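# Structural description and commentary
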Amino acid sequence: MGTLRDLQFALQLKIEELRQRDTLIDELELELDTKDELIRRLQEELDRCRATVSLPGPSVITAAEGVENHRRTICEPLSPDLVTVSLLPDKSCEKSQRSQMMIQAAFMKSDLLKNLDEGEIRAVTACMVSITIHRGCCVIQEGTRGAQAYILEEGRLDVTKDGHKLLVLEPENLFGELALLYNCTHTYSVSAQTVSRLWVIDRKTYQNILMQRNFSSLSHAMELLSSVSFLQSLPRDVIMKMSDLMEEMHYGKGDYIIRQGATGDTFYIISKGQVKVTEHTPGCEEQVILSELSERHWFGEKALWGDDVRTASVIAASDVTCLVIDRETFKDVMSGLAFDESHNVQQSDESSVSSSDEDPMLLSCATLRDFLVLGTLGVGEFGHVDLVQLKSNVKCVFAMKVLKSTLIFNNGQQEHIRRERRILTDLHCPFVVRLYRTYRGAECVYMLTEACLGGNLCRLLRDKGSLDECSTRFYTACAVQALTYLHCHGIIYRDLKPENVAVDDRGYAKLMISRCVKKVELGHKTWTFCGTPGYMAPEIILNRGHSTAVDFWSLGIFVFELLSGGLPFSGHDQMNILTATIRGIDQIDVPKSISKSASSLIKKLCRNNPSERLGSQTKGAKEIQKHKWFEGFNWDGLCKSTLKPPSIPKLQSLLDNSETAYYTEHNSVMLCTNWDDF
């Protein structure tokens, strides 16, 4: 029997090694495709003998610079919907009490996973499965993509990089946890020094567990609030904000929750357990039980409207969990109801009418053959962006985004690209780069957009090191106007950073829409791991569900970087960046180059609780506009494009190119208005 078992283990390990080799081959083929595309583009440049368009500063980049310097946007394939997640089978695996305690102890040693709450840790622990690795066998191969995290229970593992041993892992060590967040590439190898037993959790299971638990918790809190009679008329989004702001409190049997005679400012809803409401009358030694309350009952509501002297005591009759909100927080939420959010919608819609780039009639029947390629503006993860000119009208200059279909499919990004196109088509805002037309061919998809020839703010930062307050305030205000427009149309941006903010020929800043955008219904959340490390909000990293509040966090980081030239959460190690983000902005020393008022704005935008962030309350962006840092800023002039920008790009005349500089795929490309089958 022992021999057969050994053969089975050996077969299992061989299968695993073959799977890892196949994965590595796939990755190398993908890398080869990317390089082939890059070589093809550079060869075309040489063949056409074109000079690159000269734009202000270093706004035109070479292919090598674009790949090397771009801070990569992470956009995981779409998460399953909540209905699908709720129907997934229970994957819990039996384990001893000792193993459970060891796993949970390992979690507490991880800078990332120790931030999960007790219930989340228990749920993840229950779904971890056991594997045995024989001596010399590989657990993680350097250069491959990861999808699992591991905890060593028995044995010893060697960690190596480029063939050099870094350290030895002992029992109770956790490794590979970054792979639980996204499809990262391993920078080290792990192999068994001895026969080793490990506990494993994969990314899909981990994310589904957190998604289901957090959604259930949010739904339960909203359900409890909706059952309170005097709150039933509130809109869903207000109930959701209040749910986020309510704190969960736990009490043991016999604990006083409220004492008679005390002054209170707190309202309670019982989430679990029972309480006794008692009253002590003069001359009577024992308290009289007035009533008993259980789940869905509430008490202390008078404290929400003013100072309340408690007329009775509330005592926990068992272990009790309550949702709690104080008077000040409650009034902040309720006062926002008087604000007419439609003003923001009206303002953003009115400003869109003044956009200088109306849809040219000449584009209505244009094919790719009608455009001359003047130069390459940049190279991205899935293709490149060209500066193009309409043959029939040399004054009509655009940007053509060329995306390789193979790269999109191999990375599971087709739905994100479809969504980007769908959302861009409906956007008409002077602070958002406009999409005019889309084309689709056998090898590539093409997106014709407005050209912003002033470069992006990342290039400006790289040239100057940092920006002064006047320039930062102007570009931040442009970003605020763009986010206001998007949020009023139910769109989360999720990737605000200097690379995604372009400057047009007037000197005004515009958001470039990326595949991270998503339309979310009012009062709902989304769960995809999406954004750029260093700019991501904590709730994205912890998979707690997120909404438009993540954009206000990114806005705070954006202001910090423009003023200082660096990020508050930075470094070469992704895990360090993400864990520093979770710890929060209060743990960061703000550079002296950032003024007190700017520092105040940053810290109010980067509150760890999404509902407490400036701009996330029902008054929306008005809260940001009224902050002291924007005191005296001409918002009306910005919307009407009469406000003078910090600098106006000096654009040189475009080069006259031959008619041979058109897209080689033009014969198979057609104007595409429907990408549903892409």
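Report on the accompanying structure. Model, not experiment: these values are computed from the prediction.

### Examining the overall build of the protein chain
- Looking only at helices and strands, the protein chain features 19 helices and 30 strands.
- Here the protein chain, with 678 residues, has 51% of them falling under the buried criterion.
- Taking the contacts inside the protein chain whose residues are at least 6 apart along the sequence as the reference set, 75% of them involve residues at least 24 apart.
- Split by element, the accessible area of the protein chain, about 31900 Å² in all, is 51% carbon and sulfur.

### Quick word on the environment of serine 219
- Within the secondary structure, serine 219 is located in helix α6 (residues 203-226).
- You can call serine 219 partly exposed: its relative accessible area is 28%.
- Linking serine 219 and serine 243, residues 24 residues apart in sequence, is a C-alpha distance of 8.9 Å.

### Things to note about the nonpolar core
- Residues Phe107 and Leu638 are the most contacted members of the largest nonpolar core, which totals 107 residues.
- With near-sequence residues (within four places) excluded, phenylalanine 107 lies in contact with Leu113, Lys114, Leu116, Ile121, Val124, Met128, Ile151 and Leu174.
- In this structure, Val228, Leu234, Leu245 and Leu323 belong to the second largest nonpolar core, which totals 21 residues.

### Observations regarding the sheet that holds strand β10 (residues 247-251)
- One open sheet accounts for four strands, arranged β10-β19-β13-β16; its pairing is antiparallel. Every interior strand has two partners, whereas the edge strands, β10 and β16 (298-299), have only one.
- α6 rests against β13 (266-272) and β19 (320-326) of the sheet, and its axis sits at about 120° to β13.

### Focus on the pattern of salt bridges
- By the definition in use, this model includes 18 salt bridges.
- Between arginine 156 and glutamate 170 there is a salt bridge, with the nearest N and O atoms lying 2.6 Å from each other. Of the two residues, arginine 156 sits in the loop between β4 (148-154) and β5 (157-161) while glutamate 170 sits in the loop between β6 (164-169) and β7 (174-175), which places them 14 residues apart along the sequence.
- By relative accessible area, which is 31% here, arginine 156 ends up partly exposed.
- The exposure class assigned to glutamate 170 is partly exposed, which follows from its relative accessible area of 34%.
- Between lysine 401 and glutamate 420 there is a salt bridge whose closest N-O contact spans 2.7 Å.

### Focus: the packing of helix α15 (residues 549-564) against helix α17 (residues 596-605)
- Where α15 meets α17, the closest approach of the two axes is 7 Å, and the angle between their N-to-C directions is 150°. The angle between the axes of α15 and α17 places the two elements in the roughly antiparallel class. Between α15 and α17 the crossing geometry is left-handed. Of the residues in α17, those in contact with Phe552, Trp553, Leu555, Gly556, Val559, Phe560 and Leu563 of α15 are Ala598, Leu601, Ile602 and Leu605.
- Grouping the constituent residues of the contact of α15 with α17 by class yields ten nonpolar, one polar and no charged.

### Some words on helix α4 (residues 97-109)
- Taking 1.5 Å of rise per residue, the 13 residues of α4 would be expected to cover 18 Å, and the 19 Å separating its terminal C-alpha atoms lies within 8% of that figure.
- For α4, the secondary structure elements touched by its buried residues are α5 (118-126), β4, β7 and β9 (196-202).

### Overview of the pairing of strand β21 (residues 383-390)
- A large share of β21 lies buried, amounting to seven of its eight residues.
- Two elements, strand β20 (residues 371-379) and β21, share seven bridges in a ladder whose sense is antiparallel. Considered in β21, the bridge of leucine 372 is made with glutamine 389.
- Connecting the antiparallel pair β20 and β21 is a turn made up of three residues.
- In the sheet, β21 pairs with strand β22 (residues 393-404) via eight bridges, with the strands oriented antiparallel.

### A look at the environment of glycine 176
- Note on placement: glycine 176 falls in the loop between β7 and β8 (189-192).
- For glycine 176 and tyrosine 150, which are 26 residues apart along the polypeptide, the C-alpha to C-alpha distance reads 6.3 Å.
- With residues up to four places along the chain from it excluded, the contact list for glycine 176 reads Gln148, Ala149 and Tyr188.

Rules used in this analysis
Here the residue numbers are simple positions, counted from 1 along each chain's written sequence. Note on the predicted model: pLDDT of at least 70 is required for a residue's local features to be given, and 80 or more for side-chain atom pairs to be given and counted; whole-chain, interface and lining totals, by contrast, use all residues. Hydrogens and water molecules were not included; the side-chain quantities draw on all heavy atoms of the structure. Strands here mean DSSP runs of E at least two residues long; helices mean DSSP runs of H or I at least four residues long; both are numbered from the N terminus. Partly exposed residues are those whose accessible area sits between 20% and 50% of the maximum for their type, while under 20% is buried and over 50% is exposed, using a 1.4 Å probe and protein chains only. We call two residues contacting when some pair of their heavy atoms lies within 4.5 Å. Residue-level accessible areas treat just the shown protein chains as cover; the underlying method is Shrake-Rupley with a 1.4 Å probe. We define the nonpolar core as a collection of buried residues of types Ala, Val, Leu, Ile, Met, Phe, Trp, Tyr and Cys that are connected through side-chain atoms lying within 4.5 Å of one another. In this description, strands pair whenever DSSP reports at least two bridges between them. A fitted line through C-alpha atoms represents every axis, and for helices the fit uses only the stretch in contact; the resulting angles, taken between N-to-C directions, go from 0 to 180 degrees. When a carboxyl oxygen of Asp or Glu is within 4 Å of a side-chain nitrogen of Lys or Arg, the pair counts as a salt bridge. Should an angle lie under 35 degrees it is considered roughly parallel, over 145 roughly antiparallel, and from 65 to 115 roughly perpendicular; all remaining angles are considered oblique. Note on convention: near helix rotated counterclockwise from far helix by under a right angle means a left-handed crossing. Clockwise means right-handed. Classification used: nonpolar for Ala, Val, Leu, Ile, Met, Phe, Trp, Tyr, Cys and Pro, charged for Asp, Glu, Lys and Arg, polar for all others including Gly. Here the expected length of a helix is defined as 1.5 Å per residue gap, with one fewer gap than residues.

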